[in-house]
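The lines below spell out each chain.
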Amino acid sequence: MLRKSGILGYPLGHSISPYFQNAAFEFLGIKASYKAWSTEPKDLSDKVNALRGTSFMGANVTIPFKEAVIELLDEMDDWAKRVGSVNTIVNDSGTLVGYNTDTVGFIQAISEYGNYDPSGEAVLLIGAGGAARAAAHALVGNKVGSLVIANRTYHRAERLASEFPAKDKVSPVLLNGPGFLKAVDSASLIINSTSIGMKHTSVENCNPLEGISVKAGVLVNDMVYNPLKTPMLIHAAETGAKILTGLPMLVLQGAASFNLWTGRDAPVDVMFLAAQEALAD
Ligand code: NAP
């Protein structure tokens, strides 16, 4: 039997997940498919319930359903509970279990591809949406020394920071407001988790660190992966920083989903290559 998986989102745009997930199935000789399931909000409940069928392994979940999907599931793993959002559903013999693999994907990306250990370090996270929430919980869970969350809409940064007790030293600032420059200056890791810099959007050529010099040796990570070298990364490299694109996180969160669905070790190198080819198209 062909086992099915896919990604639920709306609108889906040009997701590259099908390219690297199908490449992984093919490489390991697993009879399975991964499709882009563009799903209107009114159809979400039916689509999720259908995943209980024997032919379905599960699904990835993206904007705007990562939170809405929770009430349709039977169980959640610890990271999904902590973050309050689900990006992976596993069909365990008719029981739907929600996971958040953005957390592990992000931590693995900065550690294995950025050679960075957040333990005891000062980190600046730009953005306060879903991706920021996963990164913030993953960083605190990995003993970050202090975390500043900078966002255009201050109250969202404030709300995310307030999820953590004072001992975790998580504080909000307004993006480009008082405190932002100081946070850039103190951080050993700066992450963009906003959509600034994303191709085919009104903020395509923008850079959240515009006009700001980043110290040499600081790691700058953009979660945006299309284009791979965003204006922020180009700027950061010019000022002497180390840079990490959004692709490792994307592939590694997908590899973690693959492991959960198949019980096999995802062929990460094969997935990387397929993702790079898809982006080059
Ligand atoms: P989201 O929940 O909609 O959050 C969007 C964030 O971007 C908010 O902080 C928002 O600020 C900010 N923002 C949007 N437009 C802005 C602008 N013009 N100026 C300043 N801030 C702006 O989205 P998300 O799920 O967190 O995703 C955010 C980005 O991360 C997307 O580009 C997504 O592709 C990427 N991502 C990558 C991975 C990966 O694996 N590499 C995983 C997840 C997400 P306000 O609160 O002020 O609106």
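Note that this is a predicted model, so its numbers are computed, not measured. (Residues numbered from 1 in each chain as written. Predicted model: local features only at pLDDT ≥ 70, side-chain atom pairs only at ≥ 80, totals over all residues. Heavy atoms only, no water.)

> Is there a simple way to explain the pairing of strand E3 (residues 56-61) in this structure?
Along any regular strand the residues' side chains alternate between the sheet's two faces. In terms of residue burial, E3 counts as a mostly covered element, since six of its six residues are buried. Relative to E3, strand E1 (residues 3-9) is paired through five bridges, and the arrangement is parallel. Of the residues in E3, the one forming a bridge with Gly6 is Ala59. Bridge analysis of E3 against strand E5 (residues 88-92) gives three bridges, and the strand direction is antiparallel. When the bridges of E5 are listed, Ala59 appears paired with Ile89. (Buried < 20%, exposed > 50% of the residue type's maximum accessible area, 1.4 Å probe, protein only. Helix = DSSP H or I, 4+ residues; strand = E, 2+ residues; numbered from the N terminus. Pairing = 2+ DSSP bridges.)

> Help me out: how do you make sense of the UniProt feature "domain: SDH C-terminal" (unreviewed entry) in the chain in this one?
Those places that UniProt annotates as "domain: SDH C-terminal" (unreviewed entry) correspond, in this numbering, to residues 246-271. Within the segment residues 246-271, helix and strand shares are 77% and 0% respectively, and the terminal C-alpha atoms sit 14 Å apart. (UniProt positions renumbered as here; feature names shortened; annotations may be inferred.)

> Can you walk me through the pattern of salt bridges in this structure?
Between side chains of opposite charge, a pair can form as their charged atoms come close. Enumeration according to the criterion identifies five salt bridges in this entry. The partner of Lys42 in a salt bridge is Asp43, with the nearest N and O atoms 3.4 Å apart. The class for Asp43 is partly exposed, based on a relative accessible area of 28%. Two residues, Glu163 and Arg133, come together in a salt bridge whose shortest N-O distance is 2.2 Å. Taken as a pair, Glu163 in the loop between helix H6 (154-161) and strand E9 (170-174) and Arg133 in helix H5 (residues 130-141) lie far apart in primary sequence, 30 residues in all. With a relative accessible area of 34%, Glu163 lands in the partly exposed category. (Salt bridge = Lys/Arg side-chain N within 4 Å of Asp/Glu carboxyl O.)

> Is there a simple way to think about the site of the ligand in this case?
Taken together, 22 residues form the shell around the ligand, and within it Ala131, Asn151, Arg152, Thr153 and Arg156 come nearest. Contacts to the ligand include Gly246, whose backbone N or O atom sits 3.0 Å from a nitrogen atom. Expressed as a share of its isolated accessible area of 920 Å², the protein-covered part of the ligand is 81%. Breaking the shell around the ligand down by element, the ones donating at least two residues are H5 and helix H9 (247-262). Class assignment of the residues belonging to the shell around the ligand gives a composition of 11 nonpolar, nine polar and two charged. (Near = heavy atom within 4 Å. Polar contact = N/O pair within 3.5 Å; in protein donor to acceptor, adjacent residues only side chain to side chain. Areas by Shrake-Rupley, 256 points an atom, 1.4 Å probe, with all protein chains shown as cover. Nonpolar A, V, L, I, M, F, W, Y, C, P; charged D, E, K, R; others polar.)

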